[in-house]
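Chains, contacts and geometry: an overview
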Amino acid sequence: MSGVERFASAPGVPAAVGPYVQATSAGGFVFTTGQIPAAPGEAIGTFEDEVYATLRHLESVLTAAGSSLQHIVKVNAYLSDPGQLDTYNRVYETFMAGRRPARTTVCVGLWGVSMEIDCIAVVAAEQEV
């Protein structure tokens, strides 16, 4: 398929657990797969620690695909408990540094993880990355 690039594995990011890649770039956009804090079932500390880890993974995937957090236009976040929202928002704001992309946040049952985040970002010009 012309104009589509797939990014299977970004450094330091848990490997895909199924038949998919971590990001796909097409039409000037990067579409990420849902990023999680660690391998399913593997705890890494507090929920706050997990939010930091997940957003760092998202940042690594975006970088590998030629984009960055600064170029995000839409975020989808899936939390496993509505009580996580305040912590999620506080950490999220530190990564977004005042930029406020469109966002959807829902509470859902997840498979062995506390949260998952995916996004759509614009591919960055070389000098911007």
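One can find the structure itself at the top, above this paragraph.
To start, this report covers the structure provided alongside it. Model, not experiment: these values are computed from the prediction.

**Section: the layout of surface pockets**
The space that makes up the largest pocket amounts to roughly 290 Å³. In terms of lining, the largest pocket is formed by 16 residues, of which the most central are Val17, Tyr20, Gly34, Ile36 and Glu116. Grouping the amino acids of the lining of the largest pocket by side-chain chemistry returns 11 nonpolar, 4 polar and 1 charged.

**Quick notes on helix α2 (residues 85-96)**
Given a rise of 1.5 Å per residue, 12 residues ought to cover 16 Å, and the 16 Å separating the end C-alpha atoms of α2 matches this to within 8%. As for α2, its buried residues are in contact with α1 (47-64), β4 (72-79), β5 (102-107) and β6 (115-122). Just downstream of α2 lies Ala97, where phi reads positive at about 45°.

**Let's talk about the pairing of β4**
Note that β4 and β6 share 7 bridges and pair antiparallel. Across the sheet, residue Tyr78 finds its bridge partner in β6, namely Glu116. In this structure, β4 lies alongside β5, joined through 6 bridges in parallel fashion. Bridging across to β5, Asn76 finds its partner in Thr104. Handedness of the crossover joining β4 and β5 through α2: right-handed.

**As for the packing of α1 against α2**
Relative to each other, α1 and α2 sit at 35°, their axes nearing to 9 Å. Handedness of the crossing formed by α1 with α2: right-handed. Side by side, α1 and α2 meet where Phe47, Glu48, Val51, Tyr52, Leu55, Arg56 and Glu59 of the first sit next to Thr87, Tyr88, Arg90, Val91, Tyr92, Thr94 and Phe95 of the second.

Basis of the calculations
- Residues numbered from 1 in each chain as written.
- Predicted model: local features only at pLDDT ≥ 70, side-chain atom pairs only at ≥ 80, totals over all residues.
- Heavy atoms only, no water.
- 1 Å grid on protein atoms, 1.4 Å probe; cavity = no way out; pocket = protein on both sides within 12 Å on 5 of 7 lines; lining within 4 Å.
- Points joined across faces, edges and corners; volume = space filled by probe spheres on them.
- Nonpolar A, V, L, I, M, F, W, Y, C, P; charged D, E, K, R; others polar.
- Helix = DSSP H or I, 4+ residues; strand = E, 2+ residues; numbered from the N terminus.
- Expected span 1.5 Å × (residues − 1).
- Contact = heavy atoms within 4.5 Å.
- Pairing = 2+ DSSP bridges.
- Right-handed = clockwise from strand over helix to strand, strands pointing away.
- Axes fitted to C-alpha atoms, helices over the stretch in contact; angles between N-to-C directions.
- Left-handed = near helix turned anticlockwise from the far one by under 90°.

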